[in-house]
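So the chains spell out like this:
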Amino acid sequence: MSSWIDVCSVEDLQPDSGICALVGGRQVAIFFLPRRQAVYAIGNFDPFSRANVLSRGMIGDIGGEPMVASPMYKQHFHLHTGVCFEDPSVATPAYRVRIDRGRVAVQLPE
């Protein structure tokens, strides 16, 4: 089981950037990429620097795959899976996210 949690309005998102939201007691980095017409949600915790900073990272793509570069040590995390491009044994959680009637919701596992 899992539950959808209402987080914010779409208008609260920053185009081509990230925000951090406290969702069910977890820090979640939410990224809005309007050119892809996509919203992504991953854990905000950077496992390399051990700091909650991924929402402040630079977004882009590697080989056409959407990613965020950690602002600390610059590792790249896949926005679909949360897996680190440089070290696939390291990942941050990835969450399903949706927009419904202008509201952003994140699905957390139970």
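Residues numbered from 1 in each chain as written. Predicted model: local features only at pLDDT ≥ 70, side-chain atom pairs only at ≥ 80, totals over all residues. Heavy atoms only, no water.

1. Topic: the pattern of salt bridges
Applying the stated criterion across every chain yields a total of three salt bridges. Residue D6 is joined to R103 by a salt bridge in which the shortest nitrogen-to-oxygen separation is 2.6 Å. Of this pair, D6 sits in strand β1 (residues 2-9) while R103 sits in strand β11 (residues 103-109), placing them 97 residues apart in sequence. Take D6: its relative accessible area is 46%, and that puts it in the partly exposed class. (Salt bridge = Lys/Arg side-chain N within 4 Å of Asp/Glu carboxyl O. Helix = DSSP H or I, 4+ residues; strand = E, 2+ residues; numbered from the N terminus. Buried < 20%, exposed > 50% of the residue type's maximum accessible area, 1.4 Å probe, protein only.)

2. A word on the sheet that holds strand β4 (residues 38-43)
Through backbone hydrogen bonds, the strands of a sheet pair up, either in parallel or in antiparallel fashion. Read from one edge to the other, the open sheet built from six strands follows the order β1-β11-β10-β4-β3-β2, with strand pairing classed as antiparallel. Single-partner strands in this sheet number two, and they are β1 and β2 (17-23). Adjacent strand axes in the sheet meet at a mean angle of 30°, parallel and antiparallel pairs treated alike. Relative to β11, strand β10 (residues 94-100) is paired through five bridges, and the arrangement is antiparallel. Bridge pairing in β11 places V97 opposite V106. (Pairing = 2+ DSSP bridges. Axes fitted to C-alpha atoms, helices over the stretch in contact; angles between N-to-C directions.)

3. A word on the packing of aromatic side chains
A full pass over the atoms with the stated rule returns one aromatic pair. Centre to centre, the rings of F48 and F77 are 6.2 Å apart; their planes meet at 50°, and the pair counts as tilted. With a gap of 29 residues between them, F48 in the loop between β5 (45-46) and β6 (51-52) and F77 in strand β9 (residues 76-78) connect regions that are remote in the sequence. Assessed through its relative accessible area of 0%, F77 is described here as buried. Positioned over the ring face of W4 is R98, at 4.1 Å from the centre of the ring. (Phe/Tyr/Trp six-rings, centres within 6.5 Å; stacked < 30°, edge-to-face > 60°. Lys NZ or Arg CZ within 6 Å of the ring centre and 35° of its normal.)

4. Points about the nonpolar core
Counting 15 residues, the largest nonpolar core has L13, I30, A41 and V106 as the members making the most contacts within it. The set of elements that each furnish at least two residues to this core consists of β2, β3 (26-33), β4, β10 and β11. Filtering out sequence-adjacent residues up to four positions away, V106 remains in contact with S3, W4, I5, V7, V23, I30, A41, Y95, R96 and V97. One finds F31, A38, L54 and F77 within the second-largest nonpolar core, a separate group that totals twelve residues. (Core = buried A, V, L, I, M, F, W, Y, C linked by side-chain atoms within 4.5 Å. Contact = heavy atoms within 4.5 Å.)

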